[in-house]
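Structure assessment
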Amino acid sequence: MLAVITDHYHYAITVFLMMAGLYIVVARGNMVKKLVGLSIFQTSVYLLYVEPGKIIGGTAPILDPAFTVYSNPLPHVLMLTAIVVGVATLALGLALVVRINEAYGTIEEDEIFEMDRDT
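For the structure given in this document, a descriptive report is provided here. Computed from a predicted model, the values in this text were never measured in an experiment.

**What about a negative patch on the surface?**
There is a patch of like negative charges on the surface, built from Asp 110, Glu 111, Glu 114 and Asp 118. With respect to the secondary-structure elements, Asp 118 resides in helix α5 (residues 109-118). Here Asp 118 falls in the exposed class, since its relative accessible area comes to 61%.

And the structure:
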């Protein structure tokens, strides 16, 4: 059992990062902290896809009689696209936080909900 855990420690790290990011998004009221939690969660998803795509001893999928083991490049390519989308999402989220701060004077969810309830 311990050998299985030590062989797949990267999955444990990925799950830890995923749960930490999810906890930050759910438990924090500060919108910037929520965006950081979302970024951590996205990073764990990148790791979840890229880790199985790399085979130890594998090479790029260029046919050559000298190589018999190849790594799959598809997860890496898909995650490059996901990183670009994640950066754009984070930039949009930060821009919205700046606009919310200008409108309400705070970036704490509880204070914004209280202001909306009073009006």
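Following the structure, the description resumes.
**Topic: the pattern of salt bridges**
Evaluated as defined, the whole model comprises one salt bridge. Measuring nitrogen to oxygen at the nearest pair gives 3.8 Å for the salt bridge that ties Glu 109 to Lys 34. Here the residue Glu 109 occupies a position in helix α5, and Lys 34 occupies one in helix α3 (residues 31-53), the gap between them amounting to 75 residues. We classify Glu 109 as partly exposed; its relative accessible area is 25%. Judged by relative accessible area, Lys 34 falls into the buried class, the value being 16%.

**Some remarks on the side chain of Asn 30**
Looking at where Asn 30 falls in the secondary structure, it is placed in the loop between α2 (9-27) and α3. Separated by 2.9 Å, the side chain of Asn 30 and the backbone nitrogen of Val 32 make a polar contact. Of the polar contacts made by the side chain of Asn 30, one reaches the side chain of Glu 108; its length is 3.2 Å. The contact partners of Asn 30, leaving out residues within four places of it in the chain, are Ile 107 and Glu 108.

**Looking at the packing of α2 against α3**
Closest axis-to-axis distance for the α2/α3 pair is 7 Å, and the angle between their directions is 160°. With respect to α3, the axis of α2 lies roughly antiparallel. Between α2 and α3 the crossing geometry is left-handed. Between α2 and α3, the residues in contact are His 10, Tyr 11, Thr 14, Leu 17, Met 18, Gly 21, Leu 22, Ile 24, Val 25 and Val 26 and Lys 33, Lys 34, Gly 37, Leu 38, Ile 40, Phe 41, Ser 44, Val 45, Leu 47, Leu 48, Glu 51 and Pro 52, respectively.

Calculation criteria
Sequence positions are assigned chain by chain, starting from 1 and proceeding in written order. With pLDDT at 70 or above as the cut-off, local features in this predicted model cover only qualifying residues; side-chain atom pairs require 80 or more to be listed or tallied, and sums for whole chains, interfaces and linings still use all residues. With hydrogens and water stripped out, all remaining heavy atoms of the structure feed into the side-chain values. Exposure above 30% relative accessible area and the lack of any salt bridge qualify a residue for a patch; like charges then connect within 9 Å, and the nonpolar side chains Val, Leu, Ile, Met, Phe, Trp and Tyr within 5 Å. Per-residue and other accessible areas follow the Shrake-Rupley method at a 1.4 Å probe size, with only the shown protein chains counted as cover for residues. Salt bridge, as applied in this entry: a Lys or Arg side-chain nitrogen positioned within 4 Å of an Asp or Glu carboxyl oxygen. By the counting scheme adopted, Arg and Lys are positive, Glu and Asp are negative, and His together with the chain ends is not counted. Charged groups are reduced to one reference atom each: NZ for lysine, CZ for arginine, CG for aspartic acid, CD for glutamic acid. Helix and strand definitions follow DSSP, with helices as H or I runs of at least four residues and strands as E runs of at least two, each counted in order from the N terminus. Three labels apply to residues, based on accessible area from a 1.4 Å probe with only protein chains included: buried if under 20% of the type maximum, exposed if over 50%, partly exposed otherwise in between. Two N or O atoms form a polar contact when they lie within 3.5 Å of each other; inside protein one atom must be a possible hydrogen donor and the other a possible acceptor, and for residues adjacent in sequence the pair counts only when both atoms belong to side chains. We call two residues in contact when some of their heavy atoms are within 4.5 Å. Every angle, taken between N-to-C directions, lies between 0 and 180 degrees, and every axis is a line fitted to C-alpha atoms, over only the stretch in contact when it is a helix. Just so you know how the angles are binned, under 35 degrees is roughly parallel, over 145 roughly antiparallel, 65 to 115 roughly perpendicular, and the rest oblique. Handedness of a crossing follows from how the near helix is turned relative to the far one, being left-handed for an anticlockwise turn of less than a right angle and right-handed for a clockwise one.

Geometric descriptors of this kind do not, in isolation, establish any biological role.
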